[in-house]
Amino acid sequence: MQLDQPLKKILGGTTAKVMAEHLGLHTAGDLLHHYPRRYAERGELTRLADLPLDEHVTVVAQVAKAAMKTFNQGRGVRLEVVVTDGSGALTLVFFGRGAYAREKELVPGRRGMFAGKVSVFNRARQLLHPDYELLDRDSGADAAADFAGRLLPLYPACKQFQSWKLTKAVDTLLDLFEADGWRGLVDPLPPALREGRGLAELPDAFRKVHRPRTKADIEDARARLKWDEAFVLQVALARRRHADTQLPAVARKPAPGGLLDAFDAKLPFTLTDGQRTVSAEIFDDLATEHPMHRLLQGEVGSGKTMVALRAMLAVVDAGGQAAMLAPTEVLAQQHHRSITEMMGELAEGGMLGGADLGTKVVLLTGSMGAPARRRALLDLATGEAGIVIGTHALIEDKVQFHDLGLVVVDEQHRFGVEQRDALRAKGKQPPHLLVMTATPIPRTVAMTVFGDLETSVLDQLPAGRSPIATHVVPAKDKPHFLARAWERVREEVEGGHQAYVVCPRIGDEEENGKQKSGEGPDDPEKRPPLAVLDVAGQLAKGPLAGLRVEVLHGRMQPEAKDDVMRRFAAGEVDVLVATTVIEVGVNVPNSTVMVIMDADRFGVSQLHQLRGRVGRGSAPGLCLLVTEAGEASPARARLGAVAGTLDGFELSRIDLEQRREGDVLGQAQSGVRSSLRMLTVIDDEEVIAAARDEAAAVVAADPELESFPALRTALDALLDEERERYLDKG
């Protein structure tokens, strides 16, 4: 029995087809690693009161009552079965012939597993025509005793293949592996590591996770299987880090009395302690002869751009060029504007009135006119421009650098790894890499997702940043709160300040085709999200009449976008109604209030990013989260969390706990299926940290893993070609 054996050979073509199409399970290994979501005990009753609507669930419950009812003047018949668990009730409904067939089985007192999609009828949760398996119909004392002692695995399942069918399929598989003595199983953990940490052997872990006798069995299995996932992943990342240290790079040490010193001398403020510490870490990396790979993460407004600019100036001092890659044209233009302003005459090298020490700072975006583009390309090729700021236009083949020494990637999560890699390939030797993100990442996620990068954190706000008050505005329950929100906007504008209003969509497109009938504005769940163009029109005619209201969104022409942003920054626009195009990097210190419409449609990190656009000057900021979500809903709890703290690291933990992380190597990163089934990066911090240390020691002693053939095999299985490429380019 091999882990890569197709399920078709083991379970038959029909079953294998359903499992492949609906659950993504193709091989024996896939099924062995498809772990139960939870376990039900014979005496335990799952909380029916908490069942999520519109999700396919499997519950263990007991029939409380059953009644046959007629409708349609006696022409139709349905069986209504109420099952209970002590926390609440759930109605099972069967129509027509199916009703008669089940009436004899589903009698009060019977217990079973019931699977179906949860819906609501007459304010009661129900399952329509659910599949079920009765748990106590086996006769005989042995069967009853066996069942009484067992924990029932409940698997992630689907309508086409219920949890109990998965149990039978896994049982078949386990029996075959047992009969074969588990000879084809590859154990990735080195024996010394496994024994040293008291972890179960791998066959034992599979038995205990799928056929537990006790809760202690489940804990043993989980501890072992989490270690497998954490260790193999950390070995992959440790090998990347090791390979990076073998690459050559040009050491870039800033010349004393050069551009960096001249820039520092003209700064009108002092750097924070955090900025100084992080800069020192970066300068140390730049001075080595292998490429820096550093992640700079920091709170919204913590001064990351200043740190990145000083790193770029150090590289220019050392004779190299630096490129900053921004995710949008708006942000590239914003960075170019703020960097040239900060540098003053130092950004006008070779130009009339420019400083002797200066260099050229050029902008390169896809929408630039041909003459400006030609000039920028020439400045890069000759080395005249020490610093270039651009969008993915920087990656195009035509762009040639004289001597690219540093690549700064802003908002890393917006770029595919291939794009980062293409820019790095433009150096004569691999350039140093500084990756910036304004979305604070919990430590374990940083260790796992960005395990091949050294991490620096800026968690101190510069002097002069003002506090931001955040409030939830329940527009549906308390419409007068929304009216007051627009009054506050007007008050801020009358006080000489400016405001943002953010909406989830633009508004001139048809949202997912035509709106379905019956899904009107009365139903906040079903109506399309509010749109910039609609809201701007309503505000200009209504509560904000007389104020200068403008719109900004991603489908505007680049010149129009830049014009609006420039006028907003100059104070010629009072209220900017925008999409999340303003989410990162936009810096207008005079804007003090932000109203986010349909705030429940945004993620926690996104709301935190948006909120960071206000309170950037000396006046306090105000952020209003407008929602129609009900008071008890998870969406309202999420908004409450955002309103309750300004700590981005705390919010990122909350966000991850609510969303779960999916997969650190999976869809978010490379579009492939999840490799993490047991490990959760938010809960298993100790396992990840310990696995990272063990992995580093193994790779330092044996980078090619020649003494660990089983680990190599496991690594090959985890890192299929697509994931390997992702890590290679990370």
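It should be emphasised that the depicted structure is a prediction, and the values quoted were computed from it without experimental measurement.

Chemist: Just to check I follow, could you spell out the pattern of salt bridges for this structure?
Modeler: A side chain with one charge can pair with a side chain of the opposite charge if their charged atoms come near. All chains considered together, the criterion is met by 34 salt bridges. The closest approach of N and O atoms between arginine 484 and glutamate 487, which form a salt bridge, is 3.2 Å. Placement of both arginine 484 and glutamate 487 in helix H17 (residues 479-494) is noted, with a separation of 3 residues, approximately one turn of the helix. On the basis of relative accessible area, arginine 484 is assigned to the partly exposed category, the value being 37%. Overall, glutamate 487 belongs to the partly exposed group, its relative accessible area being 44%. The network of salt bridges with common partners includes Glu178, Asp204, Arg207, Lys208 and Asp220.

Chemist: What is the right way to read helix H2 (residues 13-23) from this model?
Modeler: Each full turn of the α-helix corresponds to 3.6 residues, which orients residues three or four apart in the same direction. Inspection of H2 places Ala16, Met19 and Leu23 among the buried residues, and these make up the whole buried set. Down the axis of H2, the buried side of the element spans an arc of 80 degrees, and every buried residue falls inside it. Structural note: H2 exposes Thr14, Lys17 and Glu21 on the side pointing more than 90 degrees away from its buried face. On the buried face of H2, the contacting elements are helix H1 (7-11), helix H3 (28-32) and helix H6 (163-179). Positive backbone phi, at 70 degrees, marks glycine 24, one or two positions downstream of H2.

Chemist: Hey, could you run me through the packing of helix H11 (residues 273-286) against helix H12 (residues 304-317) in this one?
Modeler: In helix packing, the relevant descriptors are the interaxial angle and the interaxial distance, both defined with respect to the helix axes. For the pair H11 and H12, the least separation of the axes is 10 Å and the interaxial angle reads 30 degrees. For the crossing formed where H11 meets H12, the hand is right-handed. Note on element contacts: H12 touches H11 through Met306, Val307, Arg310, Ala311, Ala314 and Val315, opposite Gln275, Val278, Ser279, Ile282, Phe283 and Leu286.

Chemist: How should I be thinking about a nonpolar patch on the surface in this particular structure?
Modeler: A surface patch of nonpolar side chains, about 240 Å² in accessible area, is lined by Phe71, Phe95 and Leu128. When you line up the elements, leucine 128 lands in strand S6 (residues 124-128).

Chemist: It is not clear to me how the packing of aromatic side chains should be interpreted in this structure. Could you clarify?
Modeler: Within a pair of aromatic rings, the relevant descriptors are the distance that separates the centres and the angle that separates the planes. For the coordinates displayed, the defined rule picks out 6 aromatic pairs. With a centroid separation of 6.3 Å and 75 degrees between ring planes, the pair formed by phenylalanine 94 and tyrosine 132 is classed as edge-to-face. Here phenylalanine 94, found in strand S4 (residues 89-95), pairs with tyrosine 132, found in strand S7 (residues 131-134); they are 38 residues apart in sequence, far enough to count as distant. Judged by its relative accessible area of 0%, phenylalanine 94 is buried.

Chemist: Looking at this model, I keep getting lost on H6. Mind explaining?
Modeler: For H6, with 17 residues, the first-to-last C-alpha span of 24 Å sits near the 24 Å given by 1.5 Å per residue. What H6 keeps buried is the set Ser163, Trp164, Leu166, Thr167, Ala169, Val170, Leu173, Leu174 and Phe177. Phi turns positive one or two residues past the end of H6, at glycine 181, with a value near 70 degrees.

Procedures and definitions
Residues numbered from 1 in each chain as written. Predicted model: local features only at pLDDT ≥ 70, side-chain atom pairs only at ≥ 80, totals over all residues. Heavy atoms only, no water. Salt bridge = Lys/Arg side-chain N within 4 Å of Asp/Glu carboxyl O. Helix = DSSP H or I, 4+ residues; strand = E, 2+ residues; numbered from the N terminus. Buried < 20%, exposed > 50% of the residue type's maximum accessible area, 1.4 Å probe, protein only. Arc of directions from axis to C-beta. Contact = heavy atoms within 4.5 Å. Axes fitted to C-alpha atoms, helices over the stretch in contact; angles between N-to-C directions. Left-handed = near helix turned anticlockwise from the far one by under 90°. Patch = residues over 30% accessible without salt bridge, like charges linked within 9 Å, V, L, I, M, F, W, Y side chains within 5 Å. Areas by Shrake-Rupley, 256 points an atom, 1.4 Å probe, with all protein chains shown as cover. Phe/Tyr/Trp six-rings, centres within 6.5 Å; stacked < 30°, edge-to-face > 60°. Expected span 1.5 Å × (residues − 1).

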